[in-house]
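Secondary and tertiary structure notes
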Amino acid sequence: MSTATVNPTAEVVTGTPASTHPVTLTANAIAKVREIMATQDPVPAGLRIGVVGGGCSGFQYSMSFENQAGMMDKVLKFDDLKVFVDATSAMYLVNCTVDYVETLEAAGFKFENAAVKSTCGCGSSFSV
């Protein structure tokens, strides 16, 4: 694993993040993000994954496209895909894995987070 400075406070982590680094994406998730990014105009620089307050259990995951890293972001690289994670969200995403799952009933990104203590009935929010 190597780190390089993108701007004065952003950290770039290449390769597969170690367990101390936030969030890992499966091959399915990476492929789906790339597919969706390719349809955007202009093509974004990367994917932001975060944790925001809300939902019945206290926290929700968020995903959005970004054009650049923020000042306090960790920038994770999965091959050529950049994933931006802010410092606050990073605390809640350690050892979290994001997968893309397709079933007969639904398709979407699934977060597997060992730090989650409980989720709400609908599964859209969590508490730690």
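Now for a quick tour of the structure.

The rules behind each value
Residues numbered from 1 in each chain as written. Predicted model: local features only at pLDDT ≥ 70, side-chain atom pairs only at ≥ 80, totals over all residues. Heavy atoms only, no water. Helix = DSSP H or I, 4+ residues; strand = E, 2+ residues; numbered from the N terminus. Buried < 20%, exposed > 50% of the residue type's maximum accessible area, 1.4 Å probe, protein only. Polar contact = N/O pair within 3.5 Å; in protein donor to acceptor, adjacent residues only side chain to side chain. Contact = heavy atoms within 4.5 Å. Pairing = 2+ DSSP bridges. Salt bridge = Lys/Arg side-chain N within 4 Å of Asp/Glu carboxyl O.

Observations concerning the side chain of Asn 113
- By the element assignment, Asn 113 lies in strand β9 (residues 107–113).
- Taking the relative accessible area as the measure of exposure, Asn 113 reaches 11% and is therefore buried.
- For Asn 113, the side chain forms a polar contact with the side chain of Tyr 61, separated by 3.2 Å.
- In this view, Asn 113 contacts Tyr 61, Tyr 92, Leu 93, Val 94 and Cys 96; residues no more than four positions away in its chain are not counted.

Details of the sheet that holds β9
- Taking strand neighbours across the sheet as the criterion, the 3 strands line up as β3-β8-β9 in an open arrangement whose pairing is mixed. Among the strands making up the open sheet, the edge pair consists of β3 (24–25) and β9.
- Note: strand β8 (residues 96–102) against β9, 7 bridges, orientation antiparallel. Each residue of the ladder has a partner; that of Val 101, found in β9, is Gly 108.

So, the pattern of salt bridges
- Counted under the stated rule, the structure contains 6 salt bridges.
- As a salt-bridge pair, Asp 80 and Arg 34 come within 2.7 Å of each other at their nearest N and O atoms. Of the two residues, Asp 80 is situated in the loop between β6 (74–78) and β7 (81–85) and Arg 34 in helix α1 (residues 27–38); the sequence distance between them amounts to 46 residues.
- A relative accessible area of 32% means that Arg 34 is categorised as partly exposed.
- A salt bridge links Glu 66 to Arg 48, with the nearest nitrogen and oxygen atoms 3.2 Å apart. Separated by 18 residues along the polypeptide, Glu 66 in strand β5 (residues 58–66) and Arg 48 in strand β4 (residues 46–54) bring together distant segments of the chain.
- Where salt bridges share partners, they join Arg 34, Asp 79 and Asp 80 into one cluster.

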